[in-house]
Amino acid sequence: MSVNRRSFALLLGMGTSFLLILAGVALAFVYAIISDQATIHLSFYFTCVFFLSVFCGGYVAGINGGIRNWVPAGLIGPITGGMVLFLFYSTAFFIPGFTELLTMILLPAFVSSSGALLAANRGRRKERLNRNKLTG
């Protein structure tokens, strides 16, 4: 597999991750506008959106990049988490502690690389099944 295809797969995974985060933020914004001016706590929602977007970004990178792409796809999580932490810091002067750094940098790396590994393994299994159908 060429380097261009692997880097394209990583960029596609990163774009997917950012697109899903933006869609989640847009849905939360619409929900806040439509709600009846009550206090809204969306921390669990944003946590789910964040980890789902990181997993899907890794999954897209694994589908397009193959099995050799699962380790570099782990970078999708820390880059996305770092961007979210930077957004928090720049808007709310939020100074992250150790647990926030662990949650937003290290854990997303495992989630995105596991998504890429799952996609690459599914792709290899489909190739093997198709090969067995052709020979059998």
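Per chain, residues are indexed from 1 in the order of the written sequence. Owing to the predicted nature of the model, reporting of local features is limited to residues with pLDDT of at least 70; listing and counting of side-chain atom pairs is limited to 80 or more, with chain, interface and lining totals taken over all residues. The side-chain quantities take in all heavy atoms of the structure and omit both hydrogens and water.

**Quick word on the overall build of the protein**
To keep things clear, this is the line we draw: Helix and strand assignments follow DSSP, with helices taken as H or I runs no shorter than four residues and strands as E runs no shorter than two, numbered in order from the N terminus. The buried label goes to any residue with under 20% of its type's maximum accessible area, the exposed label to any with over 50%, and the partly exposed label to all in between, with areas taken from a 1.4 Å probe on protein chains only. Contact criterion: two residues are considered in contact whenever any of their non-hydrogen atoms come within 4.5 Å of each other.
Of the regular secondary structure elements, the protein holds four helices and zero strands. The secondary structure elements of the protein, listed N-terminal to C-terminal, are α-α-α-α. When burial is assessed residue by residue, the protein has 28% of its 136 residues classed as buried. Restricting the contact set of the protein to residue pairs at least 6 apart, pairs at least 24 apart contribute 77%.

**Digging into the packing of helix α2 (residues 43-65) against helix α3 (residues 76-92)**
What counts here: Under this scheme, a helix contributes an axis fitted over its contacting stretch, all axes are lines through C-alpha atoms, and angles between N-to-C directions fall in the 0 to 180 degree range. Should the near helix be turned anticlockwise from the far one by less than a right angle, the crossing is termed left-handed; should it be turned clockwise, right-handed. Note on residue classes: Ala, Val, Leu, Ile, Met, Phe, Trp, Tyr, Cys and Pro are nonpolar, Asp, Glu, Lys and Arg are charged, and everything else, Gly too, is polar.
Running from N to C, α2 and α3 point in directions that differ by 145 degrees, and their axes come no closer than 9 Å. As for the relative orientation of α2 and α3, their crossing is right-handed in sense. Between α2 and α3, the contacting residues are Phe-50, Val-54, Gly-57, Gly-58 and Ala-61 on the first element and Ile-76, Gly-77, Thr-80, Gly-81 and Val-84 on the second. Grouping the amino acids of the contact of α2 with α3 by side-chain chemistry returns five nonpolar, five polar and no charged.

**A closer look at α3**
Quick note on the threshold: One less than the number of residues in a helix, times 1.5 Å, gives the span that helix is expected to have. Directions are taken from the helix axis to each C-beta atom, and the arc is the one they span.
For α3, which comprises 17 residues, the first-to-last C-alpha distance of 24 Å matches the rise-based estimate of 24 Å (1.5 Å per residue) to within 8%. Three or more residues of α3 are buried, namely Ile-76, Gly-77, Thr-80, Gly-81, Val-84 and Leu-85. The buried residues of α3 all sit within an arc of 155 degrees when viewed along its axis, so they share a single face. Two residues or fewer past α3, Phe-93 is found with a positive phi of approximately 50 degrees.

**Quick notes on the side chain of Ser-35**
Of note, Ser-35 is situated in the loop between α1 (3-34) and α2. Its relative accessible area of 15% is what places Ser-35 among the buried residues.

**Focus on the nonpolar core**
Going by this rule: Grouping buried Ala, Val, Leu, Ile, Met, Phe, Trp, Tyr and Cys residues that are joined through side-chain atoms within 4.5 Å yields what is termed a nonpolar core.
Grouped together as the largest cluster of nonpolar side chains are eight residues: Ile-21, Phe-50, Phe-51, Val-54, Val-84, Leu-85, Met-104 and Val-111. Elements with a minimum of two residues in this core: α2, α3 and α4 (98-135). No other element matches α2, which puts three residues into this core. With five residues, the next largest nonpolar core counts Ala-61, Ala-73, Ile-76 and Ala-116 among its residues.

**What to know about the environment of Ser-114**
With respect to the helices and strands, the residue Ser-114 is situated in helix α4. The exposure class assigned to Ser-114 is partly exposed, which follows from its relative accessible area of 37%. In the structure, Ser-114 is positioned 44 residues away from Trp-70 in sequence and 7.4 Å away in space, judged by C-alpha atoms.

**Notes on the side chain of Ser-53**
Relative to the helices and strands, Ser-53 resides in helix α2. Dropping the residues within four chain positions of it, Ser-53 is found in contact with Ser-17, Leu-20 and Ile-21.

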